[in-house]
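# Chain and residue survey
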Amino acid sequence: MHTDLQTGYLPEASGTNTAMDWRILEAVRYLDQCRAAGRCLAVVTGESPESIRLVLQRFLAGVDSSSKVARICAPTDCRHGFLQALLSQLGFEPFESSADDLQRLLNVVLRQATSQHSTTVILVEDAGQFGPRVLELLRELIRDARELNPPPLFVLAGRPSLHRVLDSRGMASLAGLAQHRFDLAPPDAAAGAASVLPTEADPCLVLTLDSAERGRFPVRGEHLLIGRGEHCDIPILSRFVSRQHALFLRNDSGDWIVDLKSTNGTSVNSTLIRQRRLAHGDIISIGNHRLRYHNPAAPPRLPGPEPADEQLGETTVMRSLQPVIRPEDGDRHSELPGKPRRLSRA
């Protein structure tokens with residue numbers, strides 16, 4: 001099947017829906033760009049399953065024959081069955097192993113492909129209909145995969161309701177990795193609907209390591225938990241980051257960052273803090289990672305000395321901590337965070 005990406009000529013297009021033909025072409029370009037840029041997650045949505053399948057078929061037609069490809073089409077909530085299907089399509093049949101063993105094996109397979117400079121593409125169709133256990137598994141797989149170079153590309157495809165799944169609290173870390181999402185609906189067909197593509201005005205936290213962007217996390221709720229723990233909204237896999245390191249908090253007085261008595265502390269603009277009201281452009285340092293606070297609607301930091309630690313008040317902080325801190329860690333956060341120590345392995 002030939003598709004001319006420069007002219008947009010689609011030989012098999014019927015000519016009865018030119019706008020959709022162009023959107024399909026643009027979706028293929030989007031997936032090609034995600035793969036070329038070394039992204040680990042791409043999201044494509046649309047009302048028509050046939051159009052989504054056509055996008056994926058055309059995308060796969062352009063994938064190098066040396067790449068490994070797995071395509072999962074049947075929604076399930078069985079981790080074991082999902083992993084079996086993935087590994088089978090990647091050339092393995094370890095059907096007697098447990099789900100945990102299969103997950104470890106899949107991670108080994110993905111690392112080996114990376115070491116051989118081979119690309120792995122994993123397509124998950126109708127992703128919004130998969131059960132919570134498989135969605136959590138996908139979150140873990142993508143979290144681990146983003147540390148590889150080049151990473152495998154996970155493509156989640158489905159109806160527009162998939163966006164609600166990704167934007168839910170438990171999937172916030174996935175939403176941050178999908179910097180851009182593609183919806184097949186023509187732009188003028190969704191008048192009044194919010195765009196799924198982020199704009200420069202959207203507040204977010206931009207995660208970087210050694211100046212390389214690792215993800216964008218939209219600021220939509222009242223708080224985001226940051227740390228090494230798998231349950232964190234912004235997971236940072238580093239031995240210099242505590243399991244529950246810091247809390248991003250929104251209230252009527254503005255947006256705040258609060259250190260959660262972490263081992264290595266939290267800095268804003270190179271100054272160690274306990275709590276700090278954030279200004280547009282502030283750089284939050286957590287271990288070796290940086291989070292840039294992007295919110296053009298917030299006032300910028302004024303020139304001059306950094307302000308002294310501001311206070312939210314213990315009641316405000318503890319009320320925000322209760323829904324997000326794991327019960328087993330409750331005793332560690334019975335008081336406001338204290339002054340952090342020097343950088344060491346958490």
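Here's a quick rundown of the structure. As the structure is a prediction and not an experimental result, all values here were calculated from the model. (Residues numbered from 1 in each chain as written. Predicted model: local features only at pLDDT ≥ 70, side-chain atom pairs only at ≥ 80, totals over all residues. Heavy atoms only, no water.)

Moving on, we get to helix α3 (residues 79-89). Residues of α3 that are buried: F82, L83, Q84, L86 and L87. Contacts made by the buried residues of α3 are with β2 (68-72), α4 (99-115), β3 (120-124) and α5 (132-145). (Buried < 20%, exposed > 50% of the residue type's maximum accessible area, 1.4 Å probe, protein only. Helix = DSSP H or I, 4+ residues; strand = E, 2+ residues; numbered from the N terminus. Contact = heavy atoms within 4.5 Å.)

Attention now moves to the sheet that holds strand β5 (residues 181-183). Strand order in the open sheet formed by 5 strands is β2-β3-β4-β1-β5, and the pairing between neighbours is parallel. The two strands at the open ends of the sheet, each matched to only one other strand, are β2 and β5. Strand-to-strand twist of the sheet, defined as the mean angle between neighbouring strand axes without regard to direction, takes the value 15°. As judged from the 5 bridges shared by strand β1 (residues 41-45) and strand β4 (residues 153-158), these two strands associate in the parallel manner. If you follow T45 over to β4, its bridge partner there is G158. The strands touched by α3 within the sheet are β2 and β3, with β2 carrying the most contacts at an inclination of about 145°. (Pairing = 2+ DSSP bridges. Axes fitted to C-alpha atoms, helices over the stretch in contact; angles between N-to-C directions.)

Another point: the packing of α4 against α5. For the pair α4 and α5, the least separation of the axes is 11 Å and the interaxial angle reads 30°. The orientation of α4 relative to α5 falls into the category roughly parallel. The hand of the α4/α5 crossing is right-handed. Of α5, the residues touching α4 (which contributes Q103, L106 and N107) are L137, E140, L141 and D144. Across the contact of α4 with α5, the residue classes break down as 3 nonpolar, 2 polar and 2 charged. (Parallel < 35°, antiparallel > 145°, perpendicular 65-115°, else oblique. Left-handed = near helix turned anticlockwise from the far one by under 90°. Nonpolar A, V, L, I, M, F, W, Y, C, P; charged D, E, K, R; others polar.)

Counted according to the given criterion, the structure contains 3 aromatic pairs. The interplanar angle of 40° and the centroid separation of 6.2 Å between the aromatic rings of F248 and Y293 together place this pair among those described as tilted. One end of the pair, F248, is in strand β10 (residues 246-251); the other, Y293, is in strand β16 (residues 289-294), with 45 residues separating them in the sequence. In this pair, the class of F248 matches that of Y293, namely buried. (Phe/Tyr/Trp six-rings, centres within 6.5 Å; stacked < 30°, edge-to-face > 60°.)

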